[in-house]
Amino acid sequence: MHDITNDICKPVEGKPTKAWWIGFIFSFIGLCLWLYSAGYTMTVGIGAWGLNKTVGWAWDITSFVWWVGIGHAGTLISAILLLFRQNWRNSINRSAEAMTLFAVICAITYIITHMGRPWLFYWALPLPNQYGSLWVNFNSALVWDVFAISTYFTVSLLFWYIGLLPDIATVRDRAKGVAKKIYGFFSLGWTGSVRSWVRFEAVCLILAGLATPLVLSVHTVVSMDFATSLVPGWHTTIFPPYFVAGAIFSGFAMVQTLLLVMRKAMKLENYITLYHIELMNIIIMVTGSIVGCAYLTELFIAWYSGVEYEQYAFLNRISGPYWWAYWIMMTCNVISPQLMWFKKLRTNLAFTFFISIVVNIGMWFERFVIIVTSLHRDWLPSSWVMFHPTFYDVGVFVGSIGVFFTLFMVFIKFLPGVAMAEVKMLLKNSSEAAKKRMAAKEGKTYRFSPETGGVVIATTTTAKKGENHE
Amino acid sequence: MQLQNEQYEFSGKTRTISLALIAVGVICVAVGFLTGDTERTWANLLLNNYYMVLIAFAGVMYCAIQYVAQAGWGTNILRVPQAFMSVVPLAAILLTVVLAVGLGTHQLYHHWADPALSNPESPSYDPLIAGKTSYMNVPLFMLRVVGFMAIWGFFAWKLRQFSLKEDFEGGLRYFKKGIVYSAIFCAIFNFTFPLFAFDVIMSLEPHWFSTMFGWYNLAALWVSGLAAIGLVVTSLKEKGYFTAVNENHIHDIGKFVFAFSIFWAYIFVAQMLLIWYANIPEEVTWFYKRWTETYKFWFWFSFVLNFFAPFMLFMTRDSKRKLKTVKYVCLLVIVAHWFDLYMMVMPGMMGTGRKFGYLELGTFLGYAGLFTFMALTALSKAPLYAKNHPYMEESLHHHI
């Protein structure tokens, strides 16, 4: 037990490693790029971007949806996998939840930069005001977005912070001087008493119950930004679950990228094992297949419907001027996750890292394809145009990646990146002592099964998949 | 806990009732045909047969998911969905017969299968239908429907075989094989089932289309299948079987039914909301029909029954742990999804001539009897527990 505390607190208590500094500096450069590009955009207006009359929505909304989607994996891991009793989530949930928060923050920056007058951002909320009966348009899916995302952010933040309490207290108890004061403040006086733990677990379960519908609702509402419209290629009923699956797909890819970096940089190979990585690859494969199924359904129904506008929209995607974007999307999102059927590939770290990046690229292109190819050839052929991004389009996007990684680097430096308390609990249930206790009680020997996180009889089982996380 | 294997005996009242229900069904269908109510009878045959196929394959999907997810908790009830698998051949053959005879007598799918619709010379020429004939034609349609069910059925047969062989031979060989077959089944089934739903149900109204329709049917399949599993497990436990099943298992089944009724409602509302909001004539016709006086009540009744009822009744932890509550809510969900299918089939087939009477009730009871008879016969042919399943021990210790 004490080893776990030492291992996980080490990055927090010690001086940052060289790898951390390199990562931080690069991320910080990105953050500066964002400050410049977003600052310029807010100063001169969104004319700084490459938008035009026909394509009035392009990189901004593409990147916004991309970031919101990435956030989903964290909530899925922390809430849905908790409800499904998937104990293996314990060593990855902390960083995944943090990632959710940072991704949602990045997404929110797009809403702010996209507003002509960002200082009036609160006009998006239905606040009583002095302008007579001036209310937000409740019919607009964009207003639903405001509610969905702010609720999502709040619940995710609570979930993450409450989960952190026992671990912050651990750091507090080991710290000295000013650090002890700061960690002491944020641990909210956690004592570790039985009463605290009982309440802690009850709250976590309630929040998991609340967060589960939120995982579905957020991207459902985001998909409705498009699907409630009349634009061919946007208006299709499969959008809500398809966006949710896509969000989880891209989110897991991002968690995978981050964890592979984190375990290396912070030397957490004993906590984030090959077994975790394999399971996440399987989730990537499953959600990738769901997304693939949705792509094919859309194509099929566009043909089946007999509606020529629908048919043209999809033909234009496949073979129009943006064909390359469509085929990048298909290759990255449909074909590449299928490679995870092979055990050799899904347990290969370098390959996993490569695919996780490929999936993130593919999912960015998915949104780009949906948004730009549907808009750029609209109902009036005389206004058909192409979209060309400017420096500020690219700057805001690349910069937001910098914002994300800066926040993440700060997080892993100052807070425990693995949920210590929960990992310890896992160890306790699967430890030798626990097994002996059960063996003595019933005259049988059991072993812990890494496949299910449960117990099986040792005498009839030799199954061993992946690595054990004992 | 030491596992005492049990053997289910299918006899007595249950057997008599299920046979009586089959008789009721046969009589009602016969009366339907004899009194000249043919269209309505075909509609009912299609509806109930499709429902039977859904629940039978839900059993396969449940098993397959338990295997690939390596779920341990439900191992001691695994024989129930495995019994559903042995209904697959009969359900598939019956559906094939209904479709073939229905198409042959022009009672089913005449809105697209009539060759005059795609003949430009004919006065009833319909360019939209004509554009679909390369896919929606009778030989290809039958090939797809039969082909899909045959492929899925192969996996159903294999998965049941593996588990039965495991009883005699033990070891991990069949368990591991089961995982491989389950993974392949999940991939094939979930990719092809939407097409199956488009073919069998959506094409009743061939002008209408919705990308969600396949997943909508999949959600219905899954939740009604879970409810059917729940109903069998709780009924048997009431009769004194399944002593190794405790309230934690019942709780988990309840949670499943609760969660997936919400999921079904999510899919249902997403489809409806998007079509209603956009209000495009091509799409809105489907709901327009269902919101006319003839169907309005039944449409919302079905939604309330499918969503609010299980949502409210299964909200608390205690209700999901009570045998009786779980049993009746599962029964309710099964009936509710019959109404869900009723709303998918009838407006397309019967138009405003909607009826609800002896035929609807009788055919449903007949198929329910048939399914019960087949599934329980299969259940009685094998021990009630897959005793050599490697996760049996975990299941016996299940506690939440």
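What you see as residue numbers is a count from 1 along each chain, following the sequence as written. Chain letters and ligand numbers both follow the written order, the letters beginning at A and the numbers at 1. Totals for whole chains, interfaces and linings use all residues, but because this is a predicted model, local features are given only for residues with pLDDT of at least 70 and pairs of side-chain atoms are given and counted only at 80 or more. Hydrogen atoms and water are omitted, and side-chain values are computed over all heavy atoms in the structure.

**Student:** Could you clarify how one ought to interpret the overall build of chain B in this entry?
**Tutor:** Runs of H or I in DSSP of at least four residues are treated as helices and runs of E of at least two as strands, each being numbered from the N terminus. Scanning chain B for helices and strands turns up 16 helices and zero strands. At 21 Å, chain B has a C-alpha radius of gyration in line with the 21 Å of a compact globule built from 400 residues. Overall size of chain B, expressed as C-alpha extent along the three principal axes, is 75 × 45 × 40 Å. A simple rule labels every residue: compare its accessible area, found with a 1.4 Å probe on the protein chains alone, to the largest value its type can have, and call it buried under 20%, exposed over 50%, or partly exposed in between. Split into buried and exposed, the 400 residues of chain B put 59% on the buried side. Radius of gyration: over C-alpha atoms. The globule rule applied is 2.2 Å multiplied by the number of residues raised to the 0.38 power.

**Student:** How should I be thinking about unusual backbone geometry in this particular structure?
**Tutor:** Residue and element names in this part refer to chain B. The backbone of Tyr109 shows a phi angle near 60 degrees, a positive value even though the residue is not glycine. When you line up the elements, Tyr109 lands in the loop between helix 4 (88-104) and helix 5 (110-113). Here Tyr109 falls in the buried class, since its relative accessible area comes to 2%. The backbone phi angle of Asn279 is positive, close to 55 degrees, even though this residue is not glycine. Since its relative accessible area comes to 51%, Asn279 is described here as exposed.

**Student:** It is not clear to me how the side chain of Asn217 of chain B should be interpreted in this structure. Could you clarify?
**Tutor:** Residues and elements named next belong to chain B. Structurally, the position occupied by Asn217 is in helix 9 (residues 213-238). Here Asn217 falls in the buried class, since its relative accessible area comes to 0%. Any two residues having at least one pair of non-hydrogen atoms within 4.5 Å are treated as being in contact. Excluding anything up to four places from it in sequence, Asn217 contacts Tyr50, Phe193, Ala197, Ile201 and Met344.

**Student:** Please clarify how the interface of chain B and chain A should be interpreted in this entry.
**Tutor:** A common way to state how big an interface is: give the accessible area lost once the parts meet. Contacts between the two partners involve 49 residues from chain B, matched on the other side by 51 residues from chain A. Summed over both partners, the accessible area lost on bringing two parts together, with a 1.4 Å probe, is the buried area. Note on chain B versus chain A: buried area summed over both sides is about 4100 Å², and carbon and sulfur give 70% of it. Any carboxyl oxygen of Asp or Glu within 4 Å of a side-chain nitrogen of Lys or Arg constitutes a salt bridge here. On inspection of chain B and its partner chain A, the count reaches zero salt bridges. Ranked by residues supplied to the side of chain B that touches chain A, first place goes to helix 10 (residues 247-278) of chain B with twelve residues. A per-class count over the side of chain B that touches chain A returns 30 nonpolar, twelve polar and seven charged. Asp, Glu, Lys and Arg are counted as charged, while Ala, Val, Leu, Ile, Met, Phe, Trp, Tyr, Cys and Pro are counted as nonpolar; the rest, among them Gly, fall into the polar class.

**Student:** Help me understand the packing of helix 5 (residues 141-174) of chain A against helix 6 (residues 177-186) of chain A, please; the structure alone is not making it clear to me.
**Tutor:** All names here are of chain A. Whenever a helix is involved, its axis is fitted only over the stretch in contact; in every case the axis is a line through C-alpha atoms, and angles between N-to-C directions fall within 0 to 180 degrees. Between helix 5 and helix 6, the least distance of the axes is 8 Å, while the angle of their chain directions is 155 degrees. In terms of orientation, helix 5 and helix 6 fall into the roughly antiparallel class. Judged by the sense of rotation from one axis to the other, the crossing of helix 5 with helix 6 is left-handed. The residues of helix 6 that touch helix 5, namely those facing Tyr161, Leu165, Ile168, Val171, Arg172 and Asp173, are Lys180, Tyr183, Gly184 and Phe186. Orientation labels follow simple angle bins: below 35 degrees gives roughly parallel, above 145 gives roughly antiparallel, 65 to 115 gives roughly perpendicular, and whatever is left gives oblique. We call a crossing left-handed when the near helix sits turned anticlockwise from the far one by less than a right angle, and right-handed when that turn is clockwise.

**Student:** Where do I start with helix 8 (residues 239-265) of chain A in this structure?
**Tutor:** Owing to its 3.6 residues per turn, the α-helix brings residues three or four apart onto one side. Residue and element names in this part refer to chain A. A helix is expected to reach a length of 1.5 Å times the quantity of its residues less one. With 27 residues, helix 8 should reach 39 Å at 1.5 Å per residue; the first-to-last C-alpha distance of 38 Å fits that figure. The buried count for helix 8 comes to 25 of 27 residues, which makes it a mostly enclosed element. Following helix 8 by one or two positions, Lys267 has its phi on the positive side, about 55 degrees.

**Student:** Is there a simple way to think about the packing of aromatic side chains in this case?
**Tutor:** Each aromatic ring pair is specified by the distance between its two centres and by the angle formed by the two planes. Stacked, tilted and edge-to-face are the three classes applied to pairs of Phe, Tyr and Trp rings, where Trp contributes its six-membered ring and a pair requires centres within 6.5 Å; stacked means planes under 30 degrees apart, edge-to-face means over 60, and tilted covers the rest. This structure, assessed with the given rule, holds 120 aromatic pairs over all chains. Residues Phe162 of chain B and Tyr181 of chain B carry aromatic rings whose centres are separated by 5.0 Å and whose planes lie at 75 degrees to one another, so their mutual orientation is edge-to-face. With Phe162 of chain B in helix 7 (residues 138-169) and Tyr181 of chain B in helix 8 (residues 173-200), the pair connects residues that are 19 residues apart, well separated along the chain. For Tyr181 of chain B, a relative accessible area of 22% gives the class partly exposed. Both rings, one in Phe260 of chain B and one in Phe263 of chain B, keep their centres 6.0 Å apart while their planes meet at 75 degrees; by these two values the pair is edge-to-face. With Phe260 of chain B and Phe263 of chain B both in helix 10 and three residues apart, the pair spans about one turn of that helix. What makes Phe263 of chain B partly exposed here is its relative accessible area of 28%. Positioned over the ring face of Phe414 of chain A is Lys413 of chain A, at 5.2 Å from the centre of the ring. Put simply, a charge is over a ring when the Lys NZ or the Arg CZ is close to the ring centre, within 6 Å, and near the line of the ring normal, within 35 degrees. When the ring centre of Trp286 of chain B is taken as origin, the NZ or CZ atom of Arg290 of chain B, which lies over that ring, is 3.6 Å away.

**Student:** Looking at this structure, I do not really get the domain arrangement of chain A. What am I missing?
**Tutor:** Residues and elements named next belong to chain A. Considered domain by domain, chain A is made up of domain 1 (2-418) and domain 2 (420-462). By convention here, the domain bounds are inherited from an automatic or database domain assignment. Domain 1 and domain 2 are separated by 36 Å when their C-alpha centres are compared. Every contact between the two is made by 19 residues of domain 1 and, on the other side, eleven residues of domain 2. Summing both sides of the interface, domain 1 and domain 2 together bury roughly 1200 Å²; the carbon and sulfur share of this comes to 62%. Area buried by domain 1 at its contact with domain 2 is led by Ile4, Asn90 and Tyr275, which between them contribute 38% of it. Linking domain 1 with domain 2 are zero salt bridges, by the criterion used here. In the analysis that follows, any N or O atom pair within 3.5 Å is treated as a polar contact, provided that within protein one partner can donate a hydrogen and the other can accept it, and provided that, for residues neighboring in sequence, both atoms belong to side chains. Along the contact surface separating domain 1 from domain 2 lie zero residue pairs in polar contact (both at pLDDT 80 or more). Those elements giving two or more residues to the side of domain 1 that touches domain 2 turn out to be helix 1 (2-13), helix 5 and helix 7 (194-227).

**Student:** Whenever I open this one, the pattern of salt bridges confuses me. Can you help?
**Tutor:** It is possible for side chains bearing opposite charge to pair when their charged atoms get close. Counting across every chain of the model gives 17 salt bridges over all chains. The closest approach of N and O atoms between Arg94 of chain A and Asp167 of chain A, which form a salt bridge, is 3.1 Å. One end of the pair, Arg94 of chain A, is in helix 4 (residues 93-114); the other, Asp167 of chain A, is in helix 5, and 73 residues separate them in sequence. Comparing Arg94 of chain A with Asp167 of chain A shows no difference in burial state: the two are buried. Across the pair Lys289 of chain B and Glu205 of chain B runs a salt bridge, and its minimum N-O distance is 3.2 Å. Highlighted residues: Lys289 of chain B in helix 11 (residues 281-290) and Glu205 of chain B in the loop between helix 8 and helix 9, separated in sequence by 84 residues. Here Glu205 of chain B falls in the buried class, since its relative accessible area comes to 8%. Overlapping salt bridges bring together Asp37, Arg40, Lys355 and Glu360 of chain B as one network.

**Student:** Quick question: what am I supposed to make of the nonpolar core here?
**Tutor:** Judged by nonpolar contacts, the single largest core of 284 residues is most densely connected at Trp67 and Tyr242 of chain A together with Tyr109, Phe193, Phe196 and Phe213 of chain B. Residues within four places of Trp67 of chain A in sequence aside, it is in contact with Ala103, Cys106, Ala107, Tyr110, Met254, Ser400, Ile401 and Phe404 of chain A. Definition of nonpolar core: a set of buried residues of the types Ala, Val, Leu, Ile, Met, Phe, Trp, Tyr and Cys, connected through side-chain atoms within 4.5 Å.

**Student:** Please clarify how the environment of Ser63 of chain A should be interpreted in this entry.
**Tutor:** Residues and elements named next belong to chain A. In this structure, Ser63 sits in helix 3 (residues 59-83). Placed 99 residues apart in sequence, Ser63 and Ile162 show a C-alpha to C-alpha distance of 29 Å. Once you skip the residues sitting within four places of it in the chain, Ser63 turns out to touch Tyr110, Trp364 and Phe397. Here Trp364 takes part through its side chain, which lies 3.4 Å from a polar atom of the side chain of Ser63.

**Student:** I would appreciate a short explanation of the packing of helix 4 of chain A against helix 8 of chain A in the present structure.
**Tutor:** For any two helices packed against each other, one specifies the crossing angle of their axes together with the interaxial distance. Residue and element names in this part refer to chain A. The geometry of helix 4 relative to helix 8 is characterised by a closest axis approach of 10 Å and an angle of 120 degrees between their N-to-C directions. In terms of orientation, helix 4 lies oblique with respect to helix 8. By crossing handedness, the relation of helix 4 to helix 8 is classed as right-handed. For the pair helix 4 and helix 8, the contacting residues are Ser95, Ala96 and Met99 in the first and Gly251, Met254, Val255, Leu258, Leu259 and Met262 in the second. Broken down by class, the residue content of the contact of helix 4 with helix 8 amounts to seven nonpolar, two polar and no charged.

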